[in-house]
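Residue-level structure breakdown
Okay, here's what each chain looks like letter by letter:
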Amino acid sequence: RSRVAEGSIAPTMLDPFDPTDELIGPCVHTVNSQLIQPVTAKAGNVSWALMLHPDGLSCDVFITHCWQEGIYEFIDKVLNSWPHGTRHAYCCMLSNPQNLDIADLIGSPRDSPFAKALLLAPYMLVIPNSST
């Protein structure tokens, strides 16, 4: 919300979100292109998760979602649905390197980061939203 308030995340033709809206927010595509990609590019094109935790973390929860959803709505639903006793999640927008072509990572679906996280995570959150 602070990035929207300061204008570093702003509406676009593809995502004309209302900057005064406190419930839905900009879509994940917008947050990715205006925040995640620029910040992680400066950190060597790693994922947001590896930028913060270079040694990685265990995966307790696999989160699946729609990139069209608003980020505030996504965060609120994740926090309100978080399984008790779990600590770390795999979420593609944060776990995969967003500045790189991940075609090689997903070339073999069984060996993809998605499949590996799904196998490890005892919980899965499917996040619905008001856009879909």
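The shown structure was predicted, so the numbers you read here are calculated from the model rather than taken from an experiment. (Residues numbered from 1 in each chain as written. Predicted model: local features only at pLDDT ≥ 70, side-chain atom pairs only at ≥ 80, totals over all residues. Heavy atoms only, no water.)

Here we have three strands laid out as an open sheet, ordered S2-S1-S3, and parallel in their pairing. Of all the strands in the sheet, just strand S2 (89-91) and strand S3 (123-126) have a single pairing partner and so form its edges. Neighbour-to-neighbour, the strand axes of the sheet open up by a mean angle of 20°, direction not taken into account. (Pairing = 2+ DSSP bridges. Helix = DSSP H or I, 4+ residues; strand = E, 2+ residues; numbered from the N terminus. Axes fitted to C-alpha atoms, helices over the stretch in contact; angles between N-to-C directions.)

Attention now goes to helix H2 (residues 28-42). For H2, which comprises 15 residues, the first-to-last C-alpha distance of 20 Å matches the rise-based estimate of 21 Å (1.5 Å per residue) to within 8%. The sharpest bend along H2 comes to roughly 35°, located at Ile-36, with the proline Pro-38 sitting one to four residues further on. Those residues of H2 that fall on the buried side of the exposure criterion are Val-28, Thr-30, Val-31, Asn-32, Leu-35, Ile-36 and Thr-40. Packed against the buried residues of H2 are helix H1 (2-6), helix H3 (48-52), helix H4 (71-81) and helix H5 (92-95). Phi turns positive, to about 95°, at Gly-44, one or two residues after H2. (Expected span 1.5 Å × (residues − 1). Bend = angle between axes of the 7 residues up to and from the residue. Buried < 20%, exposed > 50% of the residue type's maximum accessible area, 1.4 Å probe, protein only. Contact = heavy atoms within 4.5 Å.)

Its place among the elements puts Asn-129 in the segment after S3. Note on Asn-129: relative accessible area 8%, which makes it buried. Within the structure, the side chain of Asn-129 is placed 3.4 Å from the side chain of Glu-69, a separation counted as a polar contact. Those residues in contact with Asn-129, other than ones at most four positions away along the chain, are Cys-66, Glu-69, Glu-73 and Lys-77. (Polar contact = N/O pair within 3.5 Å; in protein donor to acceptor, adjacent residues only side chain to side chain.)

Considering all chains together, one arrives at two salt bridges under this definition. Between Arg-1 and Glu-22 there is a salt bridge, with its nearest N and O atoms 3.2 Å apart. You can see Arg-1 sitting in the segment before H1 and its partner Glu-22 sitting in the loop between H1 and H2, a full 21 residues away along the chain. According to the relative accessible area criterion, Glu-22 is partly exposed, its value standing at 46%. With its nearest N and O atoms 3.2 Å apart, the salt bridge here joins Lys-77 to Glu-73. (Salt bridge = Lys/Arg side-chain N within 4 Å of Asp/Glu carboxyl O.)

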